[in-house]
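Observations on the three-dimensional arrangement
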Amino acid sequence: MSMHIALFGKPFYEKHQDSVKRVIERVAQIDPGALLFDEFKTELDKYMETPTSFGRFSKSEDLEGVDLLITLGGDGTFLESVTFAAERGIPILGFNTGTLGFLSNVSTDRINEALDAVCAGKTWIDQRSILHIEAEGVDLGDFPYALNEAAIHKRKTASMVVVDVYREDRFVNKYWADGLLVSTATGSTAYSLSAGGPIISPSSDVALITPIAPHNLTNRPLVVPLDGKITLEASGRDSSFLLSLDSRSYKLKLGAKVKIKPAPFKVKLLNLEEQYFFNTLRSKMHWGMDPRG
């Protein structure tokens, strides 16, 4: 079947050049008119000739008619690619050029196998909920969304942030901490996990409120239904704080309200037939290994 493919990537280590070349060559066979992300093409031009028949893209609108977006990199690269593909409903397939990721979950030694499966339709789409964020006094650009988490952080090392949390305009709690995360189920294995949050099966429609290094030790991560508005209001000694959406950061003024709700669309992850979250989880967390040696 004919398929129109776009390729997204970031600068990568020299040791991954062969893997990246293999992906480019194989994609050229499947779709001679595939599109390359502008910055990625600049990176590739340093060491290889990209097919002259390839097109370019630099924004979401350029992906009209694309059936699949392939990312080359880690989970961070995958998260950036979401800003191009998500609103257009384009499935994303993540090839990992580093250690196994939860999003970028196909290792580069399986390039041919993965692309064979894509051509044969032997894949499945995992739909993930994503957060929509509004913040008073902050321009969040064309993509005010987060697949993993929205977070408020303190800016100075010695101070802390006080965050009042409301859900559906009802007061939940006041957190004294280094920061506070509102994560999706997908984000439960990202920043929230390192802040002591639980692992949540990624298809679950829930939001996770996790304080970062809370000063009151009785404060624990809280799971709530995704469907509903969560409002955060930050105060403290600083005159401003940081608001981050996945890997993008913005300056947030004292007392500015941040409103979080589910986005009207989902992110589509393309998986191979045998790829399931629990398989990735066991591999990445080294579960099931006999600790007795």
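See the structure above.
As a starting point, this report considers the structure included with it. (Residues numbered from 1 in each chain as written. Predicted model: local features only at pLDDT ≥ 70, side-chain atom pairs only at ≥ 80, totals over all residues. Heavy atoms only, no water.)

Residues other than glycine seldom take positive phi values, yet Asp-169 does so here, at roughly 65°. Checked against the element boundaries, Asp-169 lands in the loop between strand E11 (161-167) and strand E12 (170-177). Even without a glycine there, the phi angle at Asp-246 is positive, about 55°. Mapped onto the fold, Asp-246 is located in the loop between strand E17 (240-245) and strand E18 (248-253). For Asp-246, a relative accessible area of 12% gives the class buried. (Helix = DSSP H or I, 4+ residues; strand = E, 2+ residues; numbered from the N terminus. Buried < 20%, exposed > 50% of the residue type's maximum accessible area, 1.4 Å probe, protein only.)

Turning our eyes to something else, we now look at helix H1 (residues 17-30). When the terminal C-alpha atoms of H1 are compared, their 20 Å separation across 14 residues agrees well with the 20 Å that a helix rising 1.5 Å per residue should span. For H1, the set of buried residues is Ser-19, Val-20, Val-23, Ile-24, Arg-26, Val-27 and Ile-30. (Expected span 1.5 Å × (residues − 1).)

Below, the discussion takes up the packing of aromatic side chains. All chains considered together, the criterion is met by eight aromatic pairs. Taken together, a centroid distance of 5.6 Å and an interplanar angle of 80° make the contact between Phe-57 and Phe-84 edge-to-face. On the criterion of sequence distance, the pair formed by Phe-57 in strand E3 (residues 55-57) and Phe-84 in helix H3 (residues 75-85) is long-range, its members being 27 residues apart. Chaining the aromatic ring pairs together yields one cluster made of Phe-8, Phe-37, Phe-57 and Phe-84. (Phe/Tyr/Trp six-rings, centres within 6.5 Å; stacked < 30°, edge-to-face > 60°.)

Below, the discussion takes up the nonpolar core. Counting 53 residues, the largest nonpolar core has Ile-70 and Phe-95 as its most contacted members. Beyond its immediate stretch of four places on either side in the chain, Phe-95 contacts Val-23, Ile-70, Thr-71, Leu-72, Gly-73, Ser-104, Val-106, Ser-107, Arg-110, Ile-111, Ala-114 and Leu-115. Among the nonpolar cores identified, the runner-up in size contains 29 residues, and Ala-146, Tyr-175, Ala-207 and Leu-232 belong to it. (Core = buried A, V, L, I, M, F, W, Y, C linked by side-chain atoms within 4.5 Å. Contact = heavy atoms within 4.5 Å.)

The next thing to look at is H3. Note on helix geometry: an α-helix contains 3.6 residues per turn, so any two residues three or four positions apart are oriented the same way. Along H3, the residues that are buried comprise Thr-77, Phe-78, Leu-79, Ser-81, Val-82, Phe-84 and Ala-85. If you follow the buried residues of H3, they end up packed against strand E1 (5-9), strand E2 (35-37), E3, strand E4 (68-73), strand E5 (92-96) and strand E20 (267-272).

Within this structure, the stated rule accounts for 15 salt bridges. In this structure, the salt-bridge partner of Asp-164 is Lys-174, at a minimum N-O distance of 2.9 Å. Of this pair, Asp-164 sits in strand E11 while Lys-174 sits in strand E12, placing them ten residues apart in sequence. For Asp-164, a relative accessible area of 14% corresponds to the buried category. Connected through shared salt-bridge partners, Lys-10, Glu-39 and Glu-80 make up one network. (Salt bridge = Lys/Arg side-chain N within 4 Å of Asp/Glu carboxyl O.)

Turning to the sheet that holds strand E13 (residues 179-184), a few remarks are in order. With antiparallel pairing, six strands are arranged side by side in an open sheet as E15-E14-E13-E10-E17-E18. Strands at the two margins of the open sheet, each flanked by one partner only, are strand E15 (222-225) and E18. Sheet twist, expressed as the mean angle between neighbouring strand axes with direction ignored, is 20°. One ladder, built from six bridges, connects E17 with E18; its direction is antiparallel. Bridge pairing in E18 links Leu-243 to Tyr-250. (Pairing = 2+ DSSP bridges. Axes fitted to C-alpha atoms, helices over the stretch in contact; angles between N-to-C directions.)

Let's shift gears to the pairing of E18. On E18, burial follows the alternation: Arg-248, Tyr-250 and Leu-252 on one face are buried, whereas Ser-249, Lys-251 and Lys-253 on the facing-out side are not. What sits between E17 and E18 in their antiparallel hairpin is a turn of two residues, with Asp-246 showing a positive phi close to 55°.

Residue placement: Ser-159 occurs in the loop between strand E10 (149-153) and E11. Accessibility expressed as a relative area gives 9% for Ser-159, which makes it buried. Filtering out sequence-adjacent residues up to four positions away, Ser-159 remains in contact with Lys-154 and Asp-238.

Turning our attention to a positive patch on the surface. There is a patch of like positive charges on the surface, built from Arg-155, Lys-156, Lys-251 and Lys-253. Along the chain, the position of Lys-253 falls in strand E18. (Patch = residues over 30% accessible without salt bridge, like charges linked within 9 Å, V, L, I, M, F, W, Y side chains within 5 Å. Areas by Shrake-Rupley, 256 points an atom, 1.4 Å probe, with all protein chains shown as cover. Lys, Arg positive; Asp, Glu negative; His and termini not counted. Charge placed at Lys NZ, Arg CZ, Asp CG, Glu CD.)

All right, on to the sheet that holds strand E8 (residues 131-135) then. Read across the open sheet, the six strands follow the order E9-E8-E19-E16-E11-E12; overall the sheet is antiparallel. The open sheet is flanked by strand E9 (145-146) and E12, the only strands paired with a single partner. The pairing of E11 with strand E16 (residues 230-236) spans seven bridges and is antiparallel. Residue pairing in the sheet places Asp-164 in a bridge with Glu-233 of E16.

Its location among the elements puts Thr-280 in helix H6 (residues 277-285). For Thr-280 and Asn-105, which are 175 residues apart along the polypeptide, the C-alpha to C-alpha distance reads 7.7 Å.

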